[in-house]
Number of protein chains: 2
Amino acid sequence: MKEPSDLSILVKNSGEWLKGTGPESDIVISSRIRLARNLAGFPFIKKCSEDDRRKIERQVRTRLEAMSAWKDIQYVHVDTLSEVDRQFLVERQLISREIAEAEGSRAVAIDPGEQYSVMVNEEDHLRIQVMHSGLDLDSAWDQIDRIDDTVEGELLYAFHPKFGYLTACPTNVGTGLRVSVMLHLPGLVITQQIDKVFRSMQRINVTVRGLYGEGSQYTGDFYQVSNQVTLGHTERELLTMVGDEVVPRIIDYERKARDFLMEKGEQDLLDDVSRALGILSTARKISSEETMHYLSKVRLGVNLGLIDDVEVATINKLFIHTQPAHLQKLRGRMLTTSDRHVERANYLHQHLRNGGPADVN
Amino acid sequence: MKEPSDLSILVKNSGEWLKGTGPESDIVISSRIRLARNLAGFPFIKKCSEDDRRKIERQVRTRLEAMSAWKDIQYVHVDTLSEVDRQFLVERQLISREIAEAEGSRAVAIDPGEQYSVMVNEEDHLRIQVMHSGLDLDSAWDQIDRIDDTVEGELLYAFHPKFGYLTACPTNVGTGLRVSVMLHLPGLVITQQIDKVFRSMQRINVTVRGLYGEGSQYTGDFYQVSNQVTLGHTERELLTMVGDEVVPRIIDYERKARDFLMEKGEQDLLDDVSRALGILSTARKISSEETMHYLSKVRLGVNLGLIDDVEVATINKLFIHTQPAHLQKLRGRMLTTSDRHVERANYLHQHLRNGGPADVN
């Protein structure tokens with residue numbers, strides 16, 4: 001395991017899950033599974049003293065360090081990071097906003113391909129996360145189950161024979177499992193069916209969030225669908241509900257909406273996605289919100305074959321790399337909001353243009 | 001003199017006055033002079049029978065035909081043209097809307113470079129027009145004066161020793177002269193000074209119109225400044241008033257507005273003009289109004305050095321060639337409004353793009 005002093009190794013890369021190659025990847029960005037785990041012999045984080053937190057962090061680090069399979073893992077001390085570095089890891093979906101904004105000893109172990117990470121001292125002592133491209137919950141489950149077993153071989157988890165894994169929040173008790181699928185649903189947004197679709201989901205126990213979790217806006221037409229509770233369900237039941245029942249239905253609605261748009265107004269849609277690409281390629285200052293809005297249209301255009309020459313992987317990456325902390329890490333210095341608008345436009349310009357339209361100074 | 005059966009020779013060309021090379025051509029599109037003349041021995045057009053109109057047209061045509069210097073002139077019978085052909089000549093600034101919409105025998109003689117034309121049976125029996133690129137009234141005057149002399153050598157004009165040339169409308173009696181300068185004033189529009197500037201002009205006898213004359217909108221930030229009356233003034237006085245007094249003042253205001261915009265917000269301006277070019281290059285359907293709006297921004301961008309690689313001549317031409325009748329002539333068939341929106345976008349796409357941004361189907 002490595003303990004880098006900065007995040008430079010992560011800055012220029014992007015996660016495997018962004019490559020846009022998994023099943024249904026025209027609509028499903030990623031499949032994410034996380035397990036909440038706590039160590040026996042310590043109180044839950046909210047009740048921990050800083051001394052407890054330090055002990056937990058040290059114990060976890062020492063045990064993970066011993067695992068030879070984890071020799072390439074980057075172990076990052078979140079409490080020593082600057083605000084922009086923490087924000088960077090949030091944007092990258094490698095840590096939660098909660099751990100970024102928390103206090104005291106805390107850390108994250110990240111695999112080089114960014115498929116999995118383990119947060120230490122988040123709401124629970126351990127939060128293990130696996131993220132795969134497209135709709136791919138089964139292989140994500142296989143991977144996280146193996147990781148969980150390995151970690152459990154080194155650490156004693158708090159487990160109750162009747163309730164299962166004990167967690168800080170009651171909604172996680174049992175399996176400690178959260179299954180989340182990130183969907184890109186511009187068709188349902190354009191046809192104004194998105195609210196109706198999600199209202200119909202409320203009866204089955206799923207929650208819908210934005211790109212950056214609880215309370216975040218549905219920017220870029222991204223919707224993250226997750227199970228609401230876990231107690232009383234097996235892992236398999238939860239995976240089946242989200243991955244085989246809910247998500248395929250939403251995918252089906254989204255495909256019908258896209259078909260409808262293509263049949264009723266292909267020229268309007270072509271104009272819309274083409275202008276979006278034009279604006280992203282030529283803007284000289286642009287906000288994050290506007291960027292997400294137009295990238296969403298371009299992504300739809302690429303997926304419907306209306307736009308050539310732009311890879312879905314490029315678009316997926318741009319959604320993440322044009323976020324504020326990413327721009328600052330890429331540029332290597334702090335930037336004001338208005339500097340970021342210029343820097344973001346430059347970054348988009350470099351990644352979306354092949355020489356023209358007629359060049360601008 | 002040639003009497004073509006259609007306008008095909010004009011369709012692919014564009015007027016000399018659009019080349020954007022004359023003095024002050026960053027702001028002044030064109031300098032136009034027209035002379036109103038009537039033949040002795042005929043009533044004014046409004047009082048003419050169709051038989052009179054035919055006689056006037058025949059007499060003018062026969063005399064112009066005899067002039068060896070006019071052997072390349074295209075003589076077009078406006079009354080035999082389709083509506084779209086008449087609209088085409090209006091868009092090209094070669095005939096007035098009045099003659100396009102009139103009835104009965106009427107014609108226009110057009111020089112191949114489109115610097116001058118002579119309308120027959122407009123509001124007056126003859127309307128001679130000369131149009132030069134940029135602010136160039138003196139050479140336009142020299143040319144129209146020579147043409148007028150040549151024509152007067154062949155035809156007997158209605159002339160009163162005290163009042164001068166007699167014309168249908170009293171505002172033209174005397175010299176029959178109208179001096180018009182077409183200005184592109186985006187700086188004054190963006191800084192919201194345009195109304196103030198033109199209010200201050202009302203005290204001096206000038207009229208302000210849009211690109212297509214009386215009653216037309218100020219689309220594309222074009223403003224046509226002309227003398228209001230001619231009676232009681234010599235040609236030289238009118239040329240001096242418009243060309244040496246009024247227009248240079250407006251040019252000065254416009255330059256100050258542009259300087260202000262560059263100093264106070266170059267990045268905003270760069271973003272604005274760059275996006276305008278992006279939209280024009282990538283739209284897949286676009287209205288004439290939207291086109292003029294964005295072309296105006298691009299023209300400003302080119303003139304301020306914010307945009308490379310696009311010639312002012314190209315922009316000037318696009319203002320005219322994206323008009324409805326032009327699109328239909330270029331395409332060789334009638335087009336519905338929505339077909340024109342698509343055709344206009346294709347035309348812009350072809351003329352503004354050098355390969356990218358990432359290509360769109």
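Since the model is a prediction, treat every value here as computed from it, not as a measurement.

A. Up close: the environment of Val11(A). Residues and elements named next belong to chain A. Along the chain, the position of Val 11 falls in helix α1 (residues 8-11). With a relative accessible area of 6%, Val 11 lands in the buried category. Beyond its immediate chain neighbours, meaning those up to four positions away, Val 11 contacts Phe 88, Arg 92, His 321, Lys 329 and Leu 330.

B. Expanded view of the confidence of the model for chain A. All names here are of chain A. Overall, the predicted model of chain A reaches an average pLDDT of 91, with 96% of residues at or above 70. Per-residue pLDDT stays below 50 along residues 355-361; that stretch engages in 32 contacts with residues further than four places along the chain or on separate chains. With pTM at 0.89, the complex prediction returns an ipTM value of 0.86.

C. The packing of helix α8 (residues 235-282) of chain A against helix α9 (residues 288-303) of chain A, seen in detail. All names here are of chain A. Running from N to C, α8 and α9 point in directions that differ by 130°, and their axes come no closer than 8 Å. Judged by the angle between their axes, α8 and α9 are oblique. The crossing of α8 and α9 is left-handed. Mapping the contact onto sequence places Arg 258, Leu 269, Asp 272, Val 273, Ala 276, Leu 277, Ile 279 and Leu 280 in α8 and Thr 291, Tyr 294, Leu 295, Lys 297, Val 298, Leu 300, Gly 301 and Asn 303 in α9. Of the residues in the contact of α8 with α9, the class split is 10 nonpolar, 3 polar and 3 charged.

D. Layout of helix α10 (residues 312-321) of chain A. Summarising burial for α10(A): 7 of the 10 residues are buried, a large majority. Looking only at α10(A), the buried set comprises Val312(A), Ile315(A), Asn316(A), Leu318(A), Phe319(A), Ile320(A) and His321(A).

E. The arrangement of the environment of Ser133(B) in detail. All names here are of chain B. Mapped onto the elements of the fold, Ser 133 is located in strand β5 (residues 126-133). Ser 133 sits in the buried class, given a relative accessible area of 6%. It is 7.9 Å that separates the C-alpha atoms of Ser 133 and Val 28, two residues lying 105 residues apart in sequence. Non-local contacts of Ser 133, meaning those with residues more than four positions away in its chain, are made with Glu 16, Trp 17, Lys 19, Gly 20, Thr 21, Gly 22, Pro 23, Ile 29 and Ser 30. At a separation of 3.2 Å, a polar atom in the side chain of Ser 133 contacts the main-chain amide nitrogen of Thr 21.

F. Fine view of the sheet that holds strand β2 (residues 74-77) of chain B. Residue and element names in this part refer to chain B. Strand order in the open sheet formed by 8 strands is β2-β3-β4-β5-β1-β8-β10-β9, with antiparallel pairing between adjacent strands. A single partner strand is all that each edge strand has here, and the edge strands are β2 and β9 (206-209). Adjacent strand axes in the sheet meet at a mean angle of 20°, parallel and antiparallel pairs treated alike. Relative to the sheet, helix α2 (residues 50-66) contacts β2, β3 (107-110), β4 (116-120) and β5, its axis offset from that of β2 by approximately 165°.

What counts, and where the lines are drawn
- Residues numbered from 1 in each chain as written.
- Chains lettered and ligands numbered in written order.
- Predicted model: local features only at pLDDT ≥ 70, side-chain atom pairs only at ≥ 80, totals over all residues.
- Heavy atoms only, no water.
- Helix = DSSP H or I, 4+ residues; strand = E, 2+ residues; numbered from the N terminus.
- Buried < 20%, exposed > 50% of the residue type's maximum accessible area, 1.4 Å probe, protein only.
- Contact = heavy atoms within 4.5 Å.
- pLDDT = per-residue confidence, 0-100.
- Axes fitted to C-alpha atoms, helices over the stretch in contact; angles between N-to-C directions.
- Parallel < 35°, antiparallel > 145°, perpendicular 65-115°, else oblique.
- Left-handed = near helix turned anticlockwise from the far one by under 90°.
- Nonpolar A, V, L, I, M, F, W, Y, C, P; charged D, E, K, R; others polar.
- Polar contact = N/O pair within 3.5 Å; in protein donor to acceptor, adjacent residues only side chain to side chain.
- Pairing = 2+ DSSP bridges.

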